[in-house]
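For reference, the chains in residue letters:
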Amino acid sequence: MDFKLTDGVDLHIISTPQFKTNQILINFSTQQSEKNITARSLVADLLETSTHKYPTQTALARQTSSLFGAYVGTNVGRYGNLHALRVRASFVNDQYAVPGLTEQVISLLHEMIFQPLIDNNAFDEPTFNLQRNNLRSSIQALDEDKQFYAAMKLREIYFADNSLLKIPSFGRLSDLDELTPESLVETYRAMVTNDRINIIVLGNVDEKRIVEQFKQFEFQPREAQFGSLFYQQELVATPKVQTETQVLNQSKLNLAYQLPIYYQDADYYASLVMNGILGGSPLSKLFVNVREKASLAYYANSQPNAFNGLFSIQTGIQSDSQKQAQRLIKEQVTAVIEGEFTAELLQEVKDGIINQYETSLDVSSNIVEQVLLDKITNTKTNDLAKKINQVTTADVMRVAAQLKLQATYYLNGDLN
Amino acid sequence: MNEHHYQQLNETIYSQQLENGLWVQVLPKMGFHKTYAILTVDFGSIDRSFIPIGKDEPITVPDGVAHFLEHKMFEKEDHDAFDLFGQLGADSNAFTSFTQTSYLFSATEHVHESLDVLLDFVQSPYFSAKTVEKEKGIIGQEIKMYDDDPNWRLYFGLLGNLYPEDPMHIDIAGSVDSIAKITPQDLYTTYNTFYQPSNMNLFIVGNVDAQQTLDWIDKNQAAKSFDQSTEPQVEFELNDETGGDVIPFRTLEMDVNRPKVMVGVRGINVVQSGKAGLQYRLAVELLLDILFDDTSDNYLRLYNNETIDDSFSYNFEMQRSFHFAYFSSDTDQPERFSDEIISILEGATQQIDAAASQFENIKRAMLGRMISLLDSPEAIANHYSGKLFGGTNLLDEITSLAAVEIDDLYKIATDFIQSQGISVYQIVPKRN
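All figures in this text were calculated on a predicted structure; none of them were measured in a lab.

Rules used throughout
Residues numbered from 1 in each chain as written. Chains lettered and ligands numbered in written order. Predicted model: local features only at pLDDT ≥ 70, side-chain atom pairs only at ≥ 80, totals over all residues. Heavy atoms only, no water. Helix = DSSP H or I, 4+ residues; strand = E, 2+ residues; numbered from the N terminus. Rg over C-alpha atoms; globule rule 2.2 N^0.38 Å. Contact = heavy atoms within 4.5 Å. Lys, Arg positive; Asp, Glu negative; His and termini not counted. Charge placed at Lys NZ, Arg CZ, Asp CG, Glu CD. Core = buried A, V, L, I, M, F, W, Y, C linked by side-chain atoms within 4.5 Å. Buried < 20%, exposed > 50% of the residue type's maximum accessible area, 1.4 Å probe, protein only. UniProt positions renumbered as here; feature names shortened; annotations may be inferred. Phe/Tyr/Trp six-rings, centres within 6.5 Å; stacked < 30°, edge-to-face > 60°. Lys NZ or Arg CZ within 6 Å of the ring centre and 35° of its normal. Patch = residues over 30% accessible without salt bridge, like charges linked within 9 Å, V, L, I, M, F, W, Y side chains within 5 Å. Areas by Shrake-Rupley, 256 points an atom, 1.4 Å probe, with all protein chains shown as cover. Salt bridge = Lys/Arg side-chain N within 4 Å of Asp/Glu carboxyl O. Pairing = 2+ DSSP bridges. Axes fitted to C-alpha atoms, helices over the stretch in contact; angles between N-to-C directions. Domains from an automatic or database assignment. Buried area = accessible area lost by both parts, 1.4 Å probe. Polar contact = N/O pair within 3.5 Å; in protein donor to acceptor, adjacent residues only side chain to side chain. Nonpolar A, V, L, I, M, F, W, Y, C, P; charged D, E, K, R; others polar.

Draft legend 1. The overall build of chain B, seen in detail. The number of helices and strands found in chain B is 16 helices and 15 strands. The C-alpha radius of gyration computed for chain B amounts to 23 Å, which stays within 12% of the reference 22 Å derived for 432 residues, consistent with globular compactness. Along the first, second and third principal axes, the C-alpha set of chain B runs to 65 × 55 × 40 Å. For chain B, contacts bridging at least 24 residues in sequence account for 80% of all contacts bridging at least 6. Mean positive and mean negative side-chain charge positions of chain B (30 and 67 charges, respectively) differ by 3 Å.

Draft legend 2. How the structure looks around the nonpolar core. Core analysis: the biggest nonpolar cluster contains 65 residues, and Leu-287, Ile-290, Phe-327, Ile-341 and Leu-409 of chain B have the highest contact counts within it. At 11 residues, helix α9 (residues 275–292) of chain B tops the list of elements feeding residues into this core. Sequence-distant contacts of Leu-287 of chain B, that is, excluding residues within four places in its chain, are made with Ile-352, Leu-409, Ile-412, Ala-413 and Ile-417 of chain B. Core analysis: the second largest hydrophobic core is formed by 59 residues, Ile-261, Ala-297, Leu-328 and Val-336 of chain A among them.

Draft legend 3. Examining the UniProt feature "domain: Peptidase M16 C-terminal" (unreviewed entry) in chain A more closely. When the UniProt feature table is mapped to this numbering, "domain: Peptidase M16 C-terminal" (unreviewed entry) covers residues 179–351 of chain A. In the segment residues 179–351 of chain A, helix accounts for 39% and strand for 23%; the C-alpha atoms at its two ends are 49 Å apart.

Draft legend 4. Structural view of unusual backbone geometry. Residues and elements named next belong to chain B. At Asn-10, a position not held by glycine, the phi torsion is positive, near 60°. Tracing the backbone shows Asn-10 in the loop between β1 (2–6) and β2 (11–17). The backbone of Glu-306 shows a phi angle near 60°, a positive value even though the residue is not glycine. Mapped onto the fold, Glu-306 is located in the loop between α10 (297–304) and β13 (313–319).

Draft legend 5. Main features of the packing of aromatic side chains. Scanning the entire structure with this criterion turns up 49 aromatic pairs over all chains. Summarising the aromatic geometry, the rings of Tyr-158 of chain A and Phe-159 of chain A are spaced 5.0 Å apart at their centres and angled 80° between planes, so their arrangement reads as edge-to-face. Both residues of the pair, Tyr-158 of chain A and Phe-159 of chain A, count as buried. Aromatic side chains Phe-127 of chain B and Tyr-188 of chain B sit 4.7 Å apart centroid to centroid with 70° between the ring planes, which places their arrangement in the edge-to-face category. Taken together, the residues Phe-127 of chain B in the loop between α3 (111–122) and α4 (129–147) and Tyr-188 of chain B in helix α7 (residues 184–194) connect sequence positions 61 residues apart. One aromatic cluster is present, built from ring pairs that chain together Phe-287 of chain A together with Phe-74, Phe-82, Phe-85, Tyr-103, Phe-105, Phe-121, Tyr-191 and Tyr-195 of chain B. Cation over ring: Lys-146 of chain A sits above Tyr-149 of chain A, and NZ or CZ is 5.1 Å from the ring centre.

Draft legend 6. Main features of a negative patch on the surface. Residue and element names in this part refer to chain B. A cluster of acidic side chains, namely Glu-19, Asp-209, Asp-215 and Asp-218, defines a negative patch on the protein surface. Within the element layout of this structure, Glu-19 appears in the loop between β2 and β3 (23–28). Glu-19 gets classed as exposed once you look at its relative accessible area, which sits at 88%.

Draft legend 7. Seen up close, the UniProt feature "domain: Peptidase M16 N-terminal" (unreviewed entry) in chain B. UniProt tags residues 63–151 of chain B as "domain: Peptidase M16 N-terminal" (unreviewed entry). Annotated as 55% helix and 15% strand, the span residues 63–151 of chain B places its first and last C-alpha atoms 21 Å apart.

Draft legend 8. Just the sheet that holds strand β3 (residues 21–31) of chain A, in detail. Residues and elements named next belong to chain A. Spatial strand order, β1-β2-β8-β3-β5-β4: 6 strands in an open sheet with mixed pairing. Both edges of this open sheet fall to β1 (2–6) and β4 (71–79), since each of them pairs with a single strand only. Mean inter-strand twist for the sheet, computed between neighbouring axes without regard to direction, equals 20°. Where β1 meets strand β2 (residues 9–15), 4 bridges bridge the pair, whose relative direction is antiparallel.

Draft legend 9. Quick look at the domain arrangement of chain B. Residue and element names in this part refer to chain B. Entries for chain B in the domain assignment read domain 1 (2–234) and domain 2 (249–429). Here domain 1 and domain 2 have C-alpha centroids that lie 28 Å from each other. Between domain 1 and domain 2, the residue contacts involve 41 residues of the former and 44 residues of the latter. The largest share of the area that domain 1 buries against domain 2 comes from Leu-154, Leu-158 and Leu-162, three residues that together contribute 18% of it. Where domain 1 packs against domain 2, one counts 4 salt bridges. In this structure, Arg-320 engages Asp-47 in a salt bridge whose closest nitrogen and oxygen atoms are separated by 2.8 Å. Linking domain 1 to domain 2 there are 20 residue pairs in polar contact (both at pLDDT 80 or more). Put simply, the parts of the chain that give the side of domain 1 that touches domain 2 at least two residues each are β1, β2, β3, β4 (35–41), α5 (150–162) and β9 (200–206). The greatest single-element share of the side of domain 1 that touches domain 2, amounting to 11 residues, is contributed by α5. Here the side of domain 1 that touches domain 2 is built from residues that sort into 20 nonpolar, 11 polar and 10 charged.

Draft legend 10. View of the environment of Gln-314 of chain A. Residues and elements named next belong to chain A. One can find Gln-314 in strand β12 (residues 310–317). When its relative accessible area of 10% is taken as the criterion, Gln-314 is described as buried. With 21 residues separating them in the primary sequence, Gln-314 and Ala-335 have C-alpha atoms 18 Å apart. A distance of 2.6 Å separates a polar atom in the side chain of Gln-314 from a polar atom in the side chain of Gln-303.

Draft legend 11. Expanded view of the pairing of β9 of chain B. Residues and elements named next belong to chain B. The buried count for β9 comes to 7 of 7 residues, which makes it a mostly enclosed element. Where β3 meets β9, 6 bridges bridge the pair, whose relative direction is parallel. Residue Pro-28 lies in a different strand from β9, and its bridge partner there is Gly-206. Pairing analysis gives 7 bridges linking β4 to β9, with the strands arranged antiparallel. In the strand pairing of β9, Leu-39 is matched with Leu-202.

This is the structure in structure tokens:
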């Protein structure tokens, strides 16, 4: 059931007896800017640390603990050009805990969103300093995951010089020093006042009572009209190449292609099938030929991003097999473009995608994410199986032909 | 077919031991789309010395054999089991731990066929010199990938301190050198010894009818012939039961931004098996929560003085023949971190007194988190620990939790936390 709380603030309730837990997702989205990405990431950390009523992490944790270990937290992400700050809760349904648990959790979310630890127009300074240090540390620690590191480097090279998508959704170190307890209050207020808000509730819940409770959230009407959700950029004539050497046991070879097919475009489902054939499944050409037959890698896979047009391939290899791996990867792309795959493989990949989708309907947080995606893109996912099954060999070839190599990043581990 | 209904949790488990010894459990989840099935062999990386079936003398196989076997089970002479699942639209995978090897699939259709594929590929070995050689390249890359992960190195570094002479300190996948020695004969020997139906269990959760599912499995198994079952004779003995061999401290330089530190506690005491073992595990977990979770005063103090941050975590692992807890964080004050953690552990009795008012709350939170797991077919099935806890499952765990009292924690604390079992491992930034 859909319910409009005010202009720009929508509530969607999925009442189902399937699960023993309930999910609540409150998504704040806005156009991303050079200034707001890192600031919103830190605001998210502050909102989940403390509130006026629960002024320390411990006080807040004791409250969630008494709510049968309810998970209540925040995170940030992005949908193409939009930045999303999300407040999320996951908790046991009243019938397995105590009557009124759902209402208590919603009250806590209200407290977190409307009563953060702000006094005299500034976030509590010790909390601010601590969380800023923590965000800095956690961004730095990401470099230790070499698979993630290589993926981030590839993005940096792939996205155009003036692109905001070069900035990770969780922020960047160079912005942190400029943030203050006062400036973050502005970021926070802009978010609560101007963002587009989608609230999604799923579980064995009483819809009427949920609506009544969310009506009491003090959201004012907002315009919340944004430009295009989907990010596009010009093709470069010569693919960019970057190599870096570190003392590592394994090297990483990652390739970035542009694939200008966006969420729910006419060719969207064909792009999912194409990905499954090229590198998105254990049946795929990359997995079978680079890993299984050539024995070059432990992982070799691909993934499309239907919001920014980046199609990436990643592998973990021996440094002396870089050239061979690169050649093999390009051969697999060419093979898909030329339709060198069997009808059986096509069908198996389709069945796999359908199986994965239906399986995702058994995970309540996935259902919530899917509904949010539908709301943000103003589309509806239905007949997925039918649309996937309609994809033909010719569709896959046509989609693959649109892959344009744009960048290569090679992390050379000189130990191996 | 045995039927056990858990009224408060609104779930029912059906179970049966087949004639060949295979244990099967089914938990129907109506309203779910998928079915998840996991076939587990009671054989893991630490089981490297054993008496091969039909022989009298123990042998020792190269490190990483259990994991290598897991990889190679999928490949047959003329096909690959991955492909068969693919043809059915099912997802399949496998994993190996210290004491278990598991094969699994999840499917929304063709559940009967997928179950047959699962049982057939795990029960029909095919290893050749050529395919074994080829796999060494793939697994070699898997090992190297983990070697570059500082958190993995931290974990195995600590295990190297806690069990320096026992197989738990060795990477489950082995090393590039040890896997180079693996032969098809090693794989056949371990397979024949451990992959007997009586040494396996199959757990199925999802959109299935229990009786029908059991009939399918029964039919599949009845069509095969197995040798008379023989309990695998694993030669496992701790190097030093008293923990006298624990290395108190080691450090490693690596390319990290900040130091990482892990404190470990090796359980020296012998824990009873069966349900008593399960009770012990729950009590230790509650003890750790009361001392260290984010509702504790300890946590707030260490967080606010920047000894720990959001990277802080702790865990308790209990498996066949060993158990240990570990605490870790990225921190600029690694010495202070280990001093604080050890001091809290050694003062556990007073700490329990101080935190007693939080006990019911903590228990309630654990109960809530365990109930949440019931929404995940994977979590229910993967939680089953077979013989270790006397065939109990996640639902029994939830039921047992209520019986743990704060008084139990005092005894558990003195049993579990013993000074000679405590150790520290650090990873510090490389000096340039």
